[in-house]
There are 2 protein chains.
Amino acid sequence: MDKADILIIDDEIQMQKLLEITLQSNQYRVSHAATAKEGMMTAASHQPDMILLDLGLPDEDGHKVLQRLREWYTNPVIILSVQSSEEDIVKALDNGANDYLVKPFRTRELLARIRSALRSSFSEENTPVLTCEDLQIDLSARTVKRKNEFIKLTATEYNLLSLFVRHEGKVLTHQYLLREVWGPGYINQSQYLRVFIAQLRKKIETDPNRPEMIITESGVGYRFVCKES
Amino acid sequence: MDKADILIIDDEIQMQKLLEITLQSNQYRVSHAATAKEGMMTAASHQPDMILLDLGLPDEDGHKVLQRLREWYTNPVIILSVQSSEEDIVKALDNGANDYLVKPFRTRELLARIRSALRSSFSEENTPVLTCEDLQIDLSARTVKRKNEFIKLTATEYNLLSLFVRHEGKVLTHQYLLREVWGPGYINQSQYLRVFIAQLRKKIETDPNRPEMIITESGVGYRFVCKES
DNA sequence: TTTCTCTTTATAAAATCTTTATACATCCGT
DNA sequence: ACGGATGTATAAAGATTTTATAAAGAGAAA
């Protein structure tokens, strides 16, 4: 991934345009939404790397939106608001916002704060190349090699594997995996998971019938173990 | 760890006092330094969870200090400065600062920004591992090791063990265990407990016939004792 | 179209939970 | 010490839930 995908949730057309131009001219990919409802849906479907959220949306209270977003969305959220009261700022930050800028803001400062927020969220998951037995996973290039041969993974397969890699050793519940890969509306579709786990195993395990990397934790979820070589 | 350890690097005595009182009354542990040199040394020796850095230090340029700090220090750094120029802010953020507040700042906002920065840095790395003799229980990964080998526990077995671990040393009644693991409708199914206790012992005790970890309290319940090593 | 991927359905296999059966232990009054 | 009452341990059969996998259908992109 070269540049991040940023979702703008703001109802003012002018602000949207300004942000879009600013961000795109800095090579970010941009999507936008004008209402809370639309914003939540786009966030779920696009899984953006960051959200810029205006607190003054027409259809719902901004703090409420942030709270609901934070129930499942873990990437950075920066608040842009005309509200400059300490109360609003404290509330937003405590509801899980990573930063808060008062409108009108300075463009270069916004860009710097975006870089800062992205940096700290990416640094944790940033192990450029992970090696497990004969498997090499390059998260920044989105590629997977097995015995030095590139493996072809579909988008969903890769998303799943990347989650496993970033939480190596931990048991990831069905709920969690479904929410992260398919979105919060799919947490009951355990069958999807089974199908894709089977496909992944076929592609990365030495013996798919006796999996050693993706371990089943029956009734709970799956666990990825990485025997480093 | 309950509350974070914060290092204040600021040469103004008044500011130091203000910050110290504010932070301590919010249960943070505080250390301080009045010069860049002292700050670097304290940071290295104390390994604080966060640094509040004033850019206007007497002995060295603040941006330089930040850069040198970031060569090895990975926890959050928040800049507190009288400089409010966009240039300074952008530079500091790009040098690795997590946030930038202009003095004079609002106290509650500072506290909220501290919480926000700590939240995002602590979320991943916190892995409390409990060790009892040759047993290691990682509650956040939901895994159990014995003699450094993963043990396979079923969901129910794990739930039971996790209850014991979280109430180490206390007698847990049959009622309580049944209610917590199976639900309130099962408080009379003592036989379930016996079956699962036997299975757990087979998996974690050195000699299941002479249990040393899961102790029977006849007529009452069971007690988990943890000989830490 | 053709190809690729995701979704859905079907079914067999595996794992887990529940239930039953039986043996053992301990306490207590005689 | 004996016998009964109560409580516990364990194995193993059975029922149920969960998982693995193939394969067909749907939909989108080349």
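Preceding this paragraph is the structure being described.
Residues numbered from 1 in each chain as written. Chains lettered and ligands numbered in written order. Predicted model: local features only at pLDDT ≥ 70, side-chain atom pairs only at ≥ 80, totals over all residues. Heavy atoms only, no water.

K.L.:
How should I be thinking about the protein's contact with DNA strand C in this particular structure?
P.N.:
Not every one of the 17 residues close to DNA strand C is listed here, only the nearest: Thr154(A), Thr156(A), Tyr192(A), Thr156(B) and Tyr192(B). In DNA strand C, atoms within 4 Å of the protein come 75% from sugar and phosphate. Thr156(B) has a polar side-chain atom sitting 2.2 Å from a phosphate oxygen of DNA strand C. Contacts to DNA strand C include Tyr192(B), whose side-chain N or O atom sits 2.4 Å from a phosphate oxygen. Those elements that place two or more of their residues in the surface near DNA strand C are α6 (155-166) and α8 (190-204) of chain A together with α8 (190-204) of chain B. Here the surface near DNA strand C is composed, by residue class, of nine nonpolar, seven polar and one charged. (Near = heavy atom within 4 Å. Polar contact = N/O pair within 3.5 Å; in protein donor to acceptor, adjacent residues only side chain to side chain. Helix = DSSP H or I, 4+ residues; strand = E, 2+ residues; numbered from the N terminus. Nonpolar A, V, L, I, M, F, W, Y, C, P; charged D, E, K, R; others polar.)

K.L.:
I keep staring at helix α3 (residues 62-70) of chain B and nothing clicks. Help me out?
P.N.:
Residues spaced three or four apart along an α-helix point in a common direction, a consequence of the helix completing one turn every 3.6 residues. Residue and element names in this part refer to chain B. Restricting attention to buried positions, one finds in α3 the residues Gly62, His63, Val65, Leu66 and Leu69. Axial view of α3: buried residues confined to an arc of 160 degrees, hence all on one face. The secondary structure elements touched by the buried residues of α3 are α2 (36-46), β3 (50-54), β4 (77-81) and α4 (86-94). (Buried < 20%, exposed > 50% of the residue type's maximum accessible area, 1.4 Å probe, protein only. Arc of directions from axis to C-beta. Contact = heavy atoms within 4.5 Å.)

K.L.:
Where do I start with the packing of helix α7 (residues 174-181) of chain B against α8(B) in this structure?
P.N.:
Helix-helix packing is characterised by the crossing angle of the two axes and by the distance between the axes. Residue and element names in this part refer to chain B. Running from N to C, α7 and α8 point in directions that differ by 85 degrees, and their axes come no closer than 10 Å. With respect to their mutual orientation, α7 and α8 come out roughly perpendicular. Residues His174, Leu177 and Leu178 of α7 pack against Ser190, Tyr192 and Leu193 of α8. Looking at the contact of α7 with α8 residue by residue, the classes come out as four nonpolar, two polar and no charged. (Axes fitted to C-alpha atoms, helices over the stretch in contact; angles between N-to-C directions. Parallel < 35°, antiparallel > 145°, perpendicular 65-115°, else oblique.)

K.L.:
For this particular structure, what's the right way to read the interface of chain A and chain B?
P.N.:
Frequently, the measure chosen for interface size is the accessible area that the parts lose on association. Counting residues at the interface gives 33 residues for chain A, matched by 34 residues for chain B. For the pair chain A and chain B, the two sides together bury roughly 2,700 Å², of which 42% comes from carbon and sulfur. Our count for the chain A to chain B interface comes out at four salt bridges. Where Arg113(A) meets Asp99(B), a salt bridge forms, and the shortest distance between an N and an O atom there is 2.7 Å. One can count 18 residue pairs in polar contact (both at pLDDT 80 or more) joining chain A with chain B. Elements with a minimum of two residues in the side of chain A that touches chain B: α4 (86-94), β5 (99-102), α5 (107-124) and β11 (214-217) of chain A. (Buried area = accessible area lost by both parts, 1.4 Å probe. Salt bridge = Lys/Arg side-chain N within 4 Å of Asp/Glu carboxyl O.)

Any link to function would need more than the numbers given here.
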